[in-house]
Amino acid sequence: MHEASLVMAMGEEIARLAKEQGAKKVLRVVVSFGQWSGIEKEAFCFAFEAFKKDSPLFKEADLEIELIPAVYFCPLCQQEFSPEEAPLCPRCKLPGLPSKGGELEIKKVEFLVED
Amino acid sequence: MCEHCGCEAGLKRKEITLEKNILEQNEHLASKNRKHFDEKGIVAINLISAPGSGKTSLLEATIAQLRDEIPLAVIEGDPETERDAERIRRQGVPVVQVTTGGACHLDAVQVHRAFHQLEKEKFRLLFIENVGNLLCPSAFNLGEHLRVVLVSVPEGSDKPAKYPAAFYKADVFLITKTDLLPYFDFDLEEAKSLALKINPRLRVIALSAKSGQGLEEWCQLLRDLVFG
C-alpha cells in the first residue's frame with residue numbers, strides 16, 4: 001500500500017503549484033503510470049478519495065489514470081519496440097533495454113483560477 | 001469566487017501540463033544520496049524481497065565471506081524492532097536500524113539520515129536491506145548503485161510474473177535457498193526466463209546462504225563493483 005505515500009507526494013506537489021498559480025480549487029488531476037510501475041489503480045483511487053476528504057483544495061477534484069505500455073530499446077538498431085511476448089527486437093532479435101514502463105507521472109492538472 | 005453565494009463567477013478553468021514524476025522529491029534526494037556515496041567511494045546495494053526470502057541470512061553469509069577484504073556497513077529497514085540489526089551487529093559490522101513505523105518501504109530521506117549516523121565509520125560497501133515487501137520498495141530510488149531482488153525457492157518460480165515491477169527496475173536477481181530445491185517444485189529455468197522477459201539485462205545468480213553454493217559468484221560481483 002505505497003499508493004497512499006504516492007498520493008501524499010502528489011498532493012504536496014500540486015498544492016505547491018496551486019499556490020504559485022493562485023488557484024482556488026483543483027478540478028482535475030491526470031496521472032500516467034507505466035505498465036511495470038507497480039501501481040494498483042484501485043488502491044491509488046482509494047487513497048486519493050481518502051486524501052480528498054482531508055484536503056479542501058482537492059475536495060472537488062476528479063482523478064484520471066492513464067496506463068503507459070512497456071517499451072524497450074534495441075541497443076543494436078537503436079529503435080524502440082513494444083514487445084508482445086519476450087522483449088526481443090523484432091528486427092535484430094536481440095534483448096532490448098527497458099525504456100518506458102516504470103513511469104509514475106503527474107501529467108496534467110486543471111485548476112480554478114481568478115479570471 | 002463570488003463572496004455572496006460561493007458560485008464560480010469571475011473564475012476560470014486553467015489546465016497545466018506538468019509531466020512530472022510523482023516521486024520527484026524522492027528522486028532528488030536519491031541523487032543527493034548517490035553523490036554522497038560517490039564522494040566517499042562507497043558502493044551502495046539495495047536489497048528488495050518479500051519477507052522471509054533470506055535477505056538477512058544472505059547478508060550474514062556475505063559478511064562472513066568478505067569482511068577481511070572489504071569494509072562493510074548495513075542499513076536495516078523494518079516496520080518494527082531491532083532484531084535484524086542485532087543479527088548483523090553480532091558479526092561486528094556497523095549497522096543502523098531504520099524502523100519505518102509500519103510503512104512498507106524505505107525512502108531516500110530515511111537512507112540519508114541513516115547514512116549520517118554511519119559518518120564516523122570507514123567502509124566501502126553499504127548494504128541497504130529494504131523492508132520485506134516485493135511491491136512498494138521498487139518505486140523508491142534510494143540512490144543505490146545496484147538494485148538486487150531476491151526470491152527464495154519456497155516462494156515459487158512464478159514470482160517474477162506476479163511482481164514484474166520489482167524485476168523491471170532491478171540489476172540483479174538472486175534466487176535464494178537453493179539448498180531447498182530437492183523439496184520444492186521450483187523451476188530454476190522458469191524463474192530465470194520469466195524475469196528476463198521483463199528485464200533482459202538482469203544478472204541472475206542462484207545461491208544458498210546455508211550451503212554456500214553460488215555464494216562465490218555473488219561475492220565476486222561485489223568485489224568487481226568495489227574494486228573494478
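Residues numbered from 1 in each chain as written. Chains lettered and ligands numbered in written order. Predicted model: local features only at pLDDT ≥ 70, side-chain atom pairs only at ≥ 80, totals over all residues. Heavy atoms only, no water.

Engineer: Where do I start with the UniProt feature "binding site: Ni(2+)" (unreviewed entry) in chain A in this structure?
Structural biologist: The UniProt record annotates "binding site: Ni(2+)" (unreviewed entry) at His2(A). The topology assignment puts His2(A) in the segment before α1 (3–21). Here His2(A) falls in the buried class, since its relative accessible area comes to 1%. Those residues in contact with His2(A) that sit more than four places away from it in its chain are Gly38(A), Ile39(A), Cys104(B), His105(B), Cys136(B), Ala139(B) and Phe140(B). (UniProt positions renumbered as here; feature names shortened; annotations may be inferred. Helix = DSSP H or I, 4+ residues; strand = E, 2+ residues; numbered from the N terminus. Buried < 20%, exposed > 50% of the residue type's maximum accessible area, 1.4 Å probe, protein only. Contact = heavy atoms within 4.5 Å.)

Engineer: Even after reading the chapter, I still don't get the pairing of strand β3 (residues 72–78) of chain B, so can you show me in this structure?
Structural biologist: Consecutive side chains along a regular strand alternate between the two faces of the sheet. Residues and elements named next belong to chain B. Summarising burial for β3: seven of the seven residues are buried, a large majority. Burial of β3 is two-sided: the residues Leu72, Val74, Glu76 and Asp78 facing one way and the residues Ala73, Ile75 and Gly77 facing the other way are all buried. Note that the unit made of β3, helix α3 (residues 83–89) and strand β4 (residues 95–99) has a crossover that is right-handed. (Right-handed = clockwise from strand over helix to strand, strands pointing away.)

Engineer: Help me out: how do you make sense of the sheet that holds strand β4 (residues 80–81) of chain A in this one?
Structural biologist: Within a beta sheet, neighbouring strands are joined by backbone hydrogen bonds and run either parallel or antiparallel to one another. One open sheet accounts for three strands, arranged β4-β3-β5 (chain A); its pairing is antiparallel. Each edge of the open sheet is held by one strand with a lone partner, namely β4 and β5 (97–100) of chain A. (Pairing = 2+ DSSP bridges.)

Engineer: Can you walk me through the state of the cysteines in this structure?
Structural biologist: One way to say it: the disulfide is the covalent bond shared by the sulfur atoms of two cysteines. By the definition in use, this model includes zero disulfides over all chains. There is no disulfide at Cys89(A), and the cysteine sulfur nearest it, in Cys74(A), is 3.7 Å away. (Disulfide = S-S within 2.5 Å.)

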